[in-house]
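# Understanding the architecture of this molecule
Below, each chain spelled out in residue letters.
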Amino acid sequence: MMNMPTPEMYMKRATLASLYINIVLVLIKMSALVFVNSLAIAIDLGISFAGLMVSFILYYSIRLASRPADMAHNYGYGKVEHVCEALEGIVLIGIAVAMSLQSFVKLLHPDEVKLPLVGMLVSMSCSGLNFAGAYYIFKMSVKSGSPAIKAEALHWRMEGFISASISAAFIVSMELTYLSFSDLAHYVDPLAALVVSVLIVFPSFKLAKEAFFKLLDSSVEEESQMEILRHLGRHIHSYCEFGNIRTRVAGRKKFVEISVIMPHDMSLRQSHRMLLRLKNDLERAVENSDVTIHMVPCGKDCDFSARGEMCPYMRLPDSLF
């Protein structure tokens, strides 16, 4: 019987696909830049170089993130995925700023773009590769639950739109030249490069910002929070009260801590069995979670205790234990 693929295997497939396709894109764009004097293609090449660098880092980071917890890192190495997210955002912002400055210079001293038809065909081909890579990597991110892989898929989709925009700019340039507006056609390339730079900045800044806040131990997403409360409600017969719910995210791993008050006179064995059932249920409900439940004995300060009555939780049938 064949073993089912693990999240780590899906992550590895995504990083290898990203690495190999990025190598192909860099080679295609470098070859095109030799023949086409285009700043827009130069920016696109810079983005692919950044993507290639991040792909290498991501490949080794995923291997590190998959390592189990040890004495040096008791909660594992999952946060390295957020470091990759932040790094990718920062690198892309740097490229956008540098290329936007170059675009302003080119607008003051525009050059003629050589072989725009070649540039258009190359950009269209690269756009197709980007969208195909984004589709595959996004599928792997869903199956693995990795935020770093999801960020990589979003980067690929953004790069696909950028290459498509550059291809459209070449079409506009050729049309202006055909209509005898060659002087105006010279401004299309630096304007396209400037627009692409602006398009890169906003999603890249958002990516880096979200990754930064995740490094500050952000809570799990609202959907998981609601799942935790729903399953605590399902087990309401098992404990007196709960509180001090704390959650945090480390890569695709989610850590949940809950304090639960148990009946004062309930045996340790019974309390442990009830809370173990609750823990297992929560870990099934919240994917990739590690749940820790702190058991707190009741302070006997309820109305039942004040009236000298038996705790209602102690009258539960044995089947619940």
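In the block above lies the structure referred to throughout.
The following paragraphs examine the structure supplied in this document. (Residues numbered from 1 in each chain as written. Predicted model: local features only at pLDDT ≥ 70, side-chain atom pairs only at ≥ 80, totals over all residues. Heavy atoms only, no water.)

### Looking at the side chain of Asp281
In this fold, Asp281 is placed in helix H8 (residues 268-285). For Asp281, the side chain forms a polar contact with the side chain of His231, separated by 3.1 Å. The residues contacting Asp281, other than those within four sequence positions of it, are His231, Arg234 and His235. (Helix = DSSP H or I, 4+ residues; strand = E, 2+ residues; numbered from the N terminus. Polar contact = N/O pair within 3.5 Å; in protein donor to acceptor, adjacent residues only side chain to side chain. Contact = heavy atoms within 4.5 Å.)

### Some remarks on the packing of helix H5 (residues 147-178) against helix H6 (residues 182-215)
In contact at an axis separation of 9 Å, H5 and H6 are set at 170° when each is read in the N-to-C sense. Judged by the angle between their axes, H5 and H6 are roughly antiparallel. Taking contact as the criterion, the partners of Pro147, Ala151, Met158, Ile162, Ser165, Ile166, Ala169, Val172, Ser173, Leu176 and Thr177 in H5 are, on H6, Ser182, Leu184, Ala185, Val188, Ala192, Val196, Leu199, Ile200, Pro203, Ser204, Leu207 and Lys214. The residue inventory of the contact of H5 with H6, partitioned by class, reads 17 nonpolar, five polar and one charged. (Axes fitted to C-alpha atoms, helices over the stretch in contact; angles between N-to-C directions. Parallel < 35°, antiparallel > 145°, perpendicular 65-115°, else oblique. Nonpolar A, V, L, I, M, F, W, Y, C, P; charged D, E, K, R; others polar.)

### So, the sheet that holds strand S2 (residues 253-262)
In space, the three strands of this open sheet follow the order S1-S2-S3, with mixed pairing throughout. The open sheet has two edge strands with one neighbour each: strand S1 (241-250) and strand S3 (289-297). If you compare each strand with its neighbour and ignore which way they point, the axes differ by 15° on average. Here S2 pairs with S3 via nine bridges, running parallel. If you follow Val256 over to S3, its bridge partner there is Val291. The sheet strands contacting H8 are S2 and S3, and the helix crosses S3 at an angle near 150°. (Pairing = 2+ DSSP bridges.)

### Description of a nonpolar patch on the surface
Taken together, the side chains of Tyr178, Leu179, Phe181, Leu184, Tyr187 and Leu191 make up a nonpolar region of the molecular surface, amounting to roughly 650 Å² of accessible area. At three residues, H6 tops the list of elements feeding residues into the nonpolar patch. Looking at where Tyr178 falls in the secondary structure, it is placed in helix H5. Judged by relative accessible area, Tyr178 falls into the exposed class, the value being 68%. (Patch = residues over 30% accessible without salt bridge, like charges linked within 9 Å, V, L, I, M, F, W, Y side chains within 5 Å. Areas by Shrake-Rupley, 256 points an atom, 1.4 Å probe, with all protein chains shown as cover. Salt bridge = Lys/Arg side-chain N within 4 Å of Asp/Glu carboxyl O. Buried < 20%, exposed > 50% of the residue type's maximum accessible area, 1.4 Å probe, protein only.)

### Some details on the nonpolar core
In this structure, Ile43, Ile47, Ile149, Ile162, Phe170, Val196 and Ile200 are the most contacted members of the largest nonpolar core, which totals 38 residues. If we ignore the near neighbours within four places in the chain, the residues touching Ile47 are Leu92, Ile95, His155, Glu159, Ile162, Val196 and Ile200. Counting residues in each nonpolar core, the second largest holds 15 residues, with Val256, Met266, Leu282 and Val291 among its members. (Core = buried A, V, L, I, M, F, W, Y, C linked by side-chain atoms within 4.5 Å.)

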